[in-house]
Structure formats: structure tokens, C-alpha cells
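Listed below, chain by chain, are the residues.
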Amino acid sequence: MSEMQDYKSSLSDSGSRKFETFSYLPPMDAAKIRRQVEYIVSRGWNPAVEHTEPENAFDHYWYMWKLPMFGETDVDAILAEAEACHKAHPHNHVRLVGYDNLKQSQGAAMVIYRGSAV
């Protein structure tokens, strides 16, 4: 059996915290993020962009960037909204969510921009 890797994470160090499943993997490049958006669209899920300060990511609701993009299928438009949110809030974490309207839950959620503590 292979040795398990311990991910150092603590509440006192907001830069060490892990968010969502993909945060335990190497950072996604633009092409991998694009493929995740394509997957969300292919499932018929409604994309939304959220953001929050790194120190509030665990104990506060994330702020919604505009309204969810109900029925949006243009991957470039979704990525543009995520980038616009990141530019408007460069120190915040920005995550992309895919809402599954049939199951009434999140089908996907991933931090695509990590903010830095100021």
C-alpha cells in the first residue's frame, strides 16, 4: 500500500486551506478549467460564480457574482464572468458552481481563482 500524503491545512493560515475536491490536485490550467465548464454545460447545469475573502471561506456564505447564468451554454461567456469577478475582487477566492436544477443541488463546485490574504 502506498503512503498517504498529509495536506497541511490550518484555520490560522488561510493560504493553507483546501476548498472543494480539486484543491487537493495540482492547480488547473486554463484548458482544464475550460473542460470543467464544458462538462457543467453538457450536463445542463446552471453555472454561477461566487467569491469570498480567504479568511471567510469556511464560516461565511460566499457572495454571488451577479445571478446564476440560467440556461447559459456559451463556455466563453461563463469563463468571462469568472474572470470579471476575479478582476473586480483580486484578493478573493472565486469559485464556479454548476447547479443541477433536477436534483436541486450543486452538481459541481470548484475554486478556479485563489485569492491572497492582504
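Bear in mind that the values here come from a model prediction, so they are computed numbers and not experimental data.

Calculation notes
- Residues numbered from 1 in each chain as written.
- Predicted model: local features only at pLDDT ≥ 70, side-chain atom pairs only at ≥ 80, totals over all residues.
- Heavy atoms only, no water.
- Core = buried A, V, L, I, M, F, W, Y, C linked by side-chain atoms within 4.5 Å.
- Buried < 20%, exposed > 50% of the residue type's maximum accessible area, 1.4 Å probe, protein only.
- Helix = DSSP H or I, 4+ residues; strand = E, 2+ residues; numbered from the N terminus.
- Contact = heavy atoms within 4.5 Å.
- Phe/Tyr/Trp six-rings, centres within 6.5 Å; stacked < 30°, edge-to-face > 60°.
- Polar contact = N/O pair within 3.5 Å; in protein donor to acceptor, adjacent residues only side chain to side chain.
- Pairing = 2+ DSSP bridges.
- Axes fitted to C-alpha atoms, helices over the stretch in contact; angles between N-to-C directions.

Structural notes on the nonpolar core
Phase 1: Counting 17 residues, the largest nonpolar core has V37, I40, V49, I78, L96, M110 and I112 as the members making the most contacts within it.
Phase 2: Where this core is concerned, the elements lending two or more residues are α1 (30-42), α2 (75-88), β3 (93-100) and β4 (105-113).
Phase 3: Not counting residues within four places of it along the chain, the set of residues in contact with V37 comprises V75, I78, L79 and L96.

Some words on the packing of aromatic side chains
Phase 1: This structure, assessed with the given rule, holds one aromatic pair.
Phase 2: Centre to centre, the rings of Y39 and W45 are 5.7 Å apart; their planes meet at 85°, and the pair counts as edge-to-face.
Phase 3: Take Y39: its relative accessible area is 41%, and that puts it in the partly exposed class.
Phase 4: Classification of W45 as buried rests on a relative accessible area of 8%.

With respect to the environment of R95
Phase 1: By the secondary structure assignment, R95 is in strand β3.
Phase 2: Since its relative accessible area comes to 12%, R95 is described here as buried.
Phase 3: Put simply, R95 and A109 are 14 residues apart on the chain and 6.8 Å apart in space, counted from C-alpha to C-alpha.
Phase 4: Polar contacts involving the side chain of R95 include one to the side chain of E50, which spans 2.7 Å.

Looking at the sheet that holds β4
Phase 1: Taken in spatial order, the four strands make up an open sheet running β2-β1-β3-β4, and their pairing is antiparallel. The open sheet has two edge strands with one neighbour each: β2 (63-65) and β4. On average, adjacent strands in this sheet sit at an angle of 35° to one another, irrespective of strand direction.
Phase 2: Across seven bridges, the pairing between strand β1 (residues 46-52) and β3 is antiparallel. Looking at the pairing, V49 lines up with L96 of β3.
Phase 3: Against the sheet, α1 contacts β1, β3 and β4, and its axis sits at roughly 160° relative to β4.

Concerning unusual backbone geometry
Phase 1: One non-glycine residue, K66, lies in the positive phi region at around 60°.
Phase 2: In this structure, K66 sits in the loop between β2 and α2.
Phase 3: With phi around 55°, Q104 is a residue other than glycine that occupies positive phi space.
Phase 4: With respect to the helices and strands, Q104 occurs in the loop between β3 and β4.

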